2 protein chains.
Amino acid sequence: MTPEAVKRATIEDVARRAGVSRAAVSKVIRGAYGVSASMRERVEAVIEELDYRPLISARGMRGATFTLGMELPDIANQFFARILSGATTALETEPYQLVIAPVDPDHSEGYRALEALADRQVDGLIAVSPRVDPRWLEEMSRRIPIVMLGRHDSSVGYDTVVGDDVSGVGMLMQHLLELGHREIAHLTLDDQHTRQGSGTPHSLRLAAYEATMREAGLESSIQVARCDGGEDSAHQATLRLLASGARPTAIFAAHDELAIGVLSALTQRPDASEISVAGYDNIKQAGHPLIGLTSVDQPGEQMGASVVSLLLERLAGRTDAVHEVATPRLVPRSSTRPRIRTKGVTRS
Amino acid sequence: MTPEAVKRATIEDVARRAGVSRAAVSKVIRGAYGVSASMRERVEAVIEELDYRPLISARGMRGATFTLGMELPDIANQFFARILSGATTALETEPYQLVIAPVDPDHSEGYRALEALADRQVDGLIAVSPRVDPRWLEEMSRRIPIVMLGRHDSSVGYDTVVGDDVSGVGMLMQHLLELGHREIAHLTLDDQHTRQGSGTPHSLRLAAYEATMREAGLESSIQVARCDGGEDSAHQATLRLLASGARPTAIFAAHDELAIGVLSALTQRPDASEISVAGYDNIKQAGHPLIGLTSVDQPGEQMGASVVSLLLERLAGRTDAVHEVATPRLVPRSSTRPRIRTKGVTRS
């Protein structure tokens, strides 16, 4: 409880022991130009020896805290594990520490976590929650460098990294159509997450689903089911869909976590066991042989690395907005199969 | 890029508008005693109105930052999602923000993340990595309040929250023995994670497995397989175990992520499909009907809430160490079945 109990080495201690000025030590720490290799070596050896660590809040008062903050809407969604793995690997050789502020999805849209990080003087922000207002982010980006992950914004003040959702859904729908499916239902989140023009991945996936159905002459078979998010909610929504009398031969869920909930529900309905199921993201679980979920792979690790590298570029001075689009890839597995034609029943 | 671009309300602005002193505003923010209900209401209304947020690094210079730091060794392990859910729910009505420093499991034992959080002046630390030296934590706990989650330490300077691993393994082994299994193998992590006396959950689970086998007169059937951690590594270790000629009738994996890797490997070995599999933690995935993994439930949400409440108690002045033990519960599912006796082969 007494902060003074263990005495920390100060920058003066390091300067004295290394026989250099305080300013020289500061230069080495900041990785500034104009430091000779021998000076760097000497100072770094003393830093190591004294276990010196700059006090971040002291640094915060006048500039860099060497902290990047990431707001994370749903730690249970395994796609974020892929993003985070890419981000931490990219930071391994950098002097920056990533800190994550988790968002309680039931009680916040991400504002609180982003503000909390900014208040803690992080040097840059990674925003993930799809429901944070782009105007708010533009405003925030005047104070702090921001990269938005996952949402298709045409921002001027911050960067974006997204997957190409339209092409991903296109590949998946093509796959289902080639398997003979016509009554393809789409399970997605509530209206707030899929509002057209909002740039959220789920709004683009929904629009691409509907467009493909129309192009295939299947407009009358368009069927959109909704859930609150999470595996259990998708499970319940699937049971409700089937109870309503709908008989899709395939269900495309807007992300893998939902698709895994659909698979869970179908085990309770032996009469619906022929329904094909597909998801989006290609999380680890999708590839388990007992799950075998067809999905669209988003290169999460690469996207996580991109986010970090864009943020570091901004910290190095870039101010023009960059918008990166990652290419998705179809991964067919056992959960999608050719449509079984039911004898004696005309379905189309 | 210009911090002044958006003008923030200051504590002086709040004091002026509320017609109180700066010290009174500060008291309300800190939740200090001696503030009347009406004063609190008035000040909080103005704080809301002006969207005032104390600048954390300014606070850091003289005390509380209202930040709790958590070091997280493996975000891909879904048990941490349960812990985190409990911790964030417990903090919902508190003025503290949780920030998480992820640990790259390949390149760090948790020290770097914990030091990074302490350097960022968090008010309290939640340590999770089982390999951080208890002596180091004791030393650190003289500077900052710490709660260690998951490891059985007899600390004096910090608190611990653990599951009762011995009783959990006891229930699970009893279940397997009652199903008729005798050749029960244990899959765990490498030696560094299971060293006796280290207090790690995996060392206790291994010891409890071996003790139960001995008590059941099955000492000669003790078989311990090792892997590096993660589903893929467990998958490979299972294939190696079977290739070695071992024929366990049940495999107890030290946590669910490993057990799910075992299940994956067994799908490649139709000759081994009768092997029962059990895990530990009861992560979400274990309960999926296509996985159906028997597991030992640890109350992760409750443990996450306990960690937060112990840390808040320390911030309120408690200095004696508290050691909490959560009670586990067996959750039998389809992955464990009665042993099938192989005709013509004597196994014991």
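So, how was this worked out
Here, residues in each chain are numbered from 1, in the same order as that chain's written sequence. Naming scheme: in the order in which they are written, chains are lettered from A and ligands are numbered from 1. Confidence filtering applies because this is a predicted model: local features only for residues at pLDDT of at least 70, side-chain atom pairs given and counted only at 80 or more, and all residues used for totals across whole chains, interfaces and linings. With hydrogens and water set aside, each side-chain value is computed from the structure's full complement of heavy atoms. Per the convention used, a helix needs a DSSP run of H or I reaching at least four residues, while a strand needs a run of E reaching at least two, with both numbered from the N terminus. Each residue gets one of three labels from its accessible area relative to the maximum for its type: buried under 20%, exposed over 50%, partly exposed in between, using a 1.4 Å probe on protein chains only. A contact between two residues is defined here by any heavy atoms of the two lying within 4.5 Å. Stacked, tilted and edge-to-face are the three classes assigned to paired rings of Phe, Tyr and Trp, where Trp is represented by its six-membered ring and a pair needs centres within 6.5 Å; plane angles under 30 degrees give stacked, over 60 edge-to-face, the rest tilted. A ring has a charge above it when a Lys NZ or an Arg CZ is no more than 6 Å from the ring centre and no more than 35 degrees off the ring normal. Only buried residues count toward a nonpolar core, which is a set of Ala, Val, Leu, Ile, Met, Phe, Trp, Tyr and Cys residues joined through side-chain atoms within 4.5 Å. Definition of a polar contact: a pair of N or O atoms within 3.5 Å, with one able to donate and the other able to accept a hydrogen when the atoms are protein atoms, and with sequence-neighbouring residues admitted only if both atoms are side-chain atoms.

Novice: Go over the overall build of chain A, please, and point to the residues and values.
Specialist: When you go through chain A residue by residue, the secondary structure sums to 13 helices and 12 strands. Looking at chain A as a whole, 56% of its 348 residues are labelled buried. Sequence-distant contacts, at least 24 apart, represent 66% of the contacts inside chain A between residues at least 6 apart.

Novice: Could you give an account of the packing of aromatic side chains, naming the residues involved and the relevant values?
Specialist: Residue and element names in this part refer to chain A. Per the stated rule, a full pass over the model turns up four aromatic pairs over all chains. Seen in terms of ring centroids, Phe66 and Tyr96 are 5.3 Å apart; in terms of plane orientation they differ by 50°. Their pairing is tilted. Taken together, the residues Phe66 in the loop between helix H4 (56–62) and strand E1 (67–72) and Tyr96 in the loop between helix H5 (79–91) and strand E2 (97–102) connect sequence positions 30 residues apart. Exposure remark for Phe66: the relative accessible area of 11% places this residue in the buried category. Residue classification places Tyr96 among the buried positions, given a relative accessible area of 13%. Arg205 extends its terminal NZ or CZ atom over the ring of Tyr280, reaching a point 3.9 Å from the ring centre.

Novice: Would you mind going over the nonpolar core in detail, with residue names and values included?
Specialist: Of all hydrophobic cores here, the largest spans 106 residues; its most connected members are Met70 and Leu187 of chain A together with Met70 and Leu187 of chain B. Residues in contact with Met70 of chain B, not counting those within four places in the same chain, are Ile83, Leu84, Leu98, Val99, Ile100, Ala101, Leu117, Ile126 and Val128 of chain B. Counting residues in each nonpolar core, the second largest holds 34 residues, with Val122 and Ile144 of chain A together with Val132 and Met140 of chain B among its members.

Novice: Account for the side chain of Arg318 of chain B, naming residues and giving values.
Specialist: Residues and elements named next belong to chain B. Along the chain, Arg318 falls in the loop between helix H13 (300–315) and strand E11 (323–326). Overall, the relative accessible area of 17% leaves Arg318 in the buried class. Side-chain polar atoms of Arg318 contact the backbone oxygen of Leu310, separated by 3.2 Å. There is a polar contact of 2.7 Å between the side chain of Arg318 and the backbone oxygen of Asp320. If sequence neighbours within four positions are ignored, Arg318 has contacts with Asp159, Leu310 and Glu313.

Nothing here speaks to function; it is all geometry.
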